[in-house]
Amino acid sequence: MEMSSENIDFDSFKQLHGPQLQTVPERFWETLFNKLRGQVFDAGEIFAMLQVDYTEEEEENEKSSRPLWRVVTLSDIAADDGKHIYLIDHAWTYDVQDAEKHLKQIPSLVDRMASLMNIPVDEKSSDDIIQEILNKMWLYNQVYSFGNEPMGSDEAMPLWYIMDEFGSRIQHSDDPSFGVVPFYYVLDQLCYSVIFPLKDLQAKDAVSRNYVQKQYSAVEHSARLIPWQYTDLTDIDYTPKEPSDAYFYEYRSKFTLPDKDEEPFVMNKNILKAYIDYDTMEGHLTDPRFVVVDDRDSADILFVKENLKNFKNLHHLVNQFPNESLVTVKDLLAVTGRRSGLDRKNEDTLEYGPSWLPVTYNLNTELPLFVSYFQHRKKRNLDNLWICKPWNLARALDTHITDQLPYIVRLQESGPKVACKYVEDPLLIHFEGVGSVKFDIRYIVLLRSVKPLKLYAYQCFFLRFCNKKYSLDSFNDYQKHFTVMNYDDSAPLRQVNYDEFIPMFNSQFPEYPWDDVEKEIFKSFRSLFLAATKEPFPRGIPHSPQSRAMYGIDFLLKWGTDDEGNKKILPVICEVNFVPDCYRANKYHPSFTNDVFSCLFLDDIENRPIIEI
């Protein structure tokens, strides 16, 4: 018999919801089971919502920051009484990218959200009301995701929700009287919030919850409460410092390192055996100096997508370096890249670090610094547009563009994020019938050695274009601000090869020849890898005689100035991709895999579109 709310027993409920139940004290489990099974919403019998009236003096004193509602108990509540757990319904659940679309399509949702958020609607247009909801919803948003889904899948993306009027009007306290947590009831496939007492209460006591549930330092706590309790943090030095060794070890793959005196594994063979477990490279190695084998142990070369763990006494050449996450993981890329421009700081724009690295903060570890920097820029009326992205995902998943501080502060609750200063003046390329669009470029970069640094670039680069004319608005319009279209069947994919692009570029920007721009691009690549290899492990990529690597570096071009103040086109590195997708490379350049293997494993780039940088 299929399990349902009608026939499920308590033991099955506990087994089905085990991990979630760990967020709820055990004494409430059985009552929660019965209420979920019967969809019992009885909070109205125990709690009341009261509208707060302020004196005229209080109204003049920043009434907008004061709560207009409070929730109180109607009777005494004993914290150890297991019957006192209550369901809170969710008024709106959504992916942030769809929020504006929901509001435009469902007028009743606009009405409810405006009322819930106390937004006056008289004499305002529908668009203005929707924009105010989109800005203010970060004071009410909560988030959950499904941890059992594959990381990076659409199903694993965070879902934001706003509790009903009762749940949304529960105020913050550092010493809360209640706990409130989301709870996904598997049988109905619905998510609720549940509220339960943390202390004994009397009738008419205030109901509160802690909006910042983890323990943080005082300044971190203040930064995380910014959406509800604004604090000026401009006295904090916003320049990030190099973190401790523990930061580089934390959450990173464990691996063995080669001995310092380990000699390179020399293969005196005319033909090298290559084991390839890399879907977009398989079937493309045809150079007679290599032979592809199925037996991993007998291979001279391992070219694989999995993260290798052992780099000590290797008897293979491999396509990875230990600790290469220093450039391939976004938060570490920022830490590593900053080393290239420690002394560069523009007092007018407040920008610092190398020109090819956007100002970047880890929202999980550098939030007070970010808030300070944001507030400094706001006080100077400087552009404050940021792109926030997970440091462990690609394809622009869970990526947000905004100038709203509460929005940015709340985003780290859905998973680790970095906030990068958005390039507000990117170089645009013009297409007839569309206009000037944003684009990015990928170069395949080959790392043959760390000591000495031997770095190469594949000169046949790859381009991605937005589908809509660029402007600094409509940041949820994916096809205006994002270039990754090859994973969306409904979006047109503009294909322009590098040899078509270069004359197009030179025609549109005759004062800035592509050859000169490419030199700046290569200079930025080398600066990054010098920064990544100059420090000892764990702060640097160590020497590994058996290691070789291929990376895909994605970057934008922007307008900037040189040291004399002359206008100049500059690269801005967005990310460095581990085991990049080589489908297009092999499709449009049939010799690509042969060229890569020749460079990495034979040190041969003669008559190949590869240049040492």
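Relevant structure appears above.
Note that this is a predicted model, so its numbers are computed, not measured. (Residues numbered from 1 in each chain as written. Predicted model: local features only at pLDDT ≥ 70, side-chain atom pairs only at ≥ 80, totals over all residues. Heavy atoms only, no water.)

Moving on, we get to the pairing of strand β20 (residues 435-449). Regular strands place their side chains on alternate faces of the sheet. The buried fraction of β20 amounts to 14 of the 15 residues, a majority that puts the element mostly inside the structure. Here strand β19 (residues 428-431) folds back onto β20 in antiparallel fashion, the turn holding three residues, of which Gly433 has a positive phi close to 85°. As paired strands, β20 and strand β21 (residues 454-465) are joined by nine bridges and run antiparallel to one another. Each residue of the ladder has a partner; that of Ser449, found in β21, is Lys454. Here β20 hands over to β21 after four residues, the two strands then running antiparallel side by side. (Buried < 20%, exposed > 50% of the residue type's maximum accessible area, 1.4 Å probe, protein only. Helix = DSSP H or I, 4+ residues; strand = E, 2+ residues; numbered from the N terminus. Pairing = 2+ DSSP bridges.)

Moving on to helix α7 (residues 126-136). The complete set of buried residues in α7 reads Ile129, Ile130, Ile133 and Leu134. Buried residues in α7, looked at end-on, bunch into an arc of 140°, giving them a common side. Structurally, α7 contributes buried residues whose contacts are with β4 (90-94), α5 (99-105) and α6 (107-116). (Arc of directions from axis to C-beta. Contact = heavy atoms within 4.5 Å.)

Moving on to the packing of aromatic side chains. Tallying each qualifying case throughout the model produces 54 aromatic pairs. Measuring from ring centre to ring centre gives 4.9 Å for Tyr238 and Tyr373, while their planes differ by 65°; the resulting arrangement is edge-to-face. Here the residue Tyr238 occupies a position in the loop between α9 (218-224) and α10 (245-249), and Tyr373 occupies one in helix α13 (residues 367-379), the gap between them amounting to 135 residues. According to the relative accessible area criterion, Tyr373 is buried, its value standing at 0%. Judged by centre distance (5.9 Å) and plane angle (85°), the ring pair of Tyr352 and Tyr373 falls under edge-to-face. Residue Tyr352 is located in the loop between α12 (330-338) and β15 (360-362), and its partner Tyr373 is located in helix α13; the two are separated by 21 residues in the primary sequence. Residues Tyr352 and Tyr373 agree in their burial class; the two are buried. Of note, Arg169 hangs over the ring of Trp69, and the distance from its end group to the ring centre comes to 4.0 Å. Lying over the aromatic face of Trp559, Lys567 brings its terminal NZ or CZ to 4.3 Å of the ring centre. (Phe/Tyr/Trp six-rings, centres within 6.5 Å; stacked < 30°, edge-to-face > 60°. Lys NZ or Arg CZ within 6 Å of the ring centre and 35° of its normal.)

What follows concerns the state of the cysteines. Applying the stated rule across the entire model yields zero disulfides. Looking at the unpaired Cys574, the closest cysteine sulfur is the one in Cys420, lying at 8.2 Å. We note that Cys582 lacks a disulfide partner, and the nearest cysteine sulfur, in Cys460, lies 13 Å from it. (Disulfide = S-S within 2.5 Å.)

Take the side chain of Asp398 next. Counting through the fold element by element, Asp398 comes out in the loop between β16 (386-390) and β17 (400-402). What makes Asp398 buried here is its relative accessible area of 13%. In terms of polar contacts, Asp398 uses its side chain to reach the side chain of His400, at 2.9 Å. Of note is the side chain of Asp398, whose polar atom sits 2.9 Å from the side chain of Lys417. Setting aside anything within four residues of it in sequence, one finds Asp398 in contact with Met157, Pro158, Cys388, Lys389, Pro390, Ser414 and Lys417. (Polar contact = N/O pair within 3.5 Å; in protein donor to acceptor, adjacent residues only side chain to side chain.)

The next subject is the nonpolar core. The biggest cluster of nonpolar side chains holds 51 residues, and the ones touching the most others in it are Tyr443, Phe501, Trp514, Phe525, Phe529 and Leu557. Sorting elements by how many residues they give to this core places helix α17 (residues 514-533) first, with eight residues. Those residues in contact with Phe501, other than ones at most four positions away along the chain, are Ile429, Phe439, Phe461, Leu463, Phe465, Val496 and Trp514. Formed by 47 residues, the second largest nonpolar core is a distinct cluster that contains Val110, Ile133, Trp160 and Leu363. (Core = buried A, V, L, I, M, F, W, Y, C linked by side-chain atoms within 4.5 Å.)

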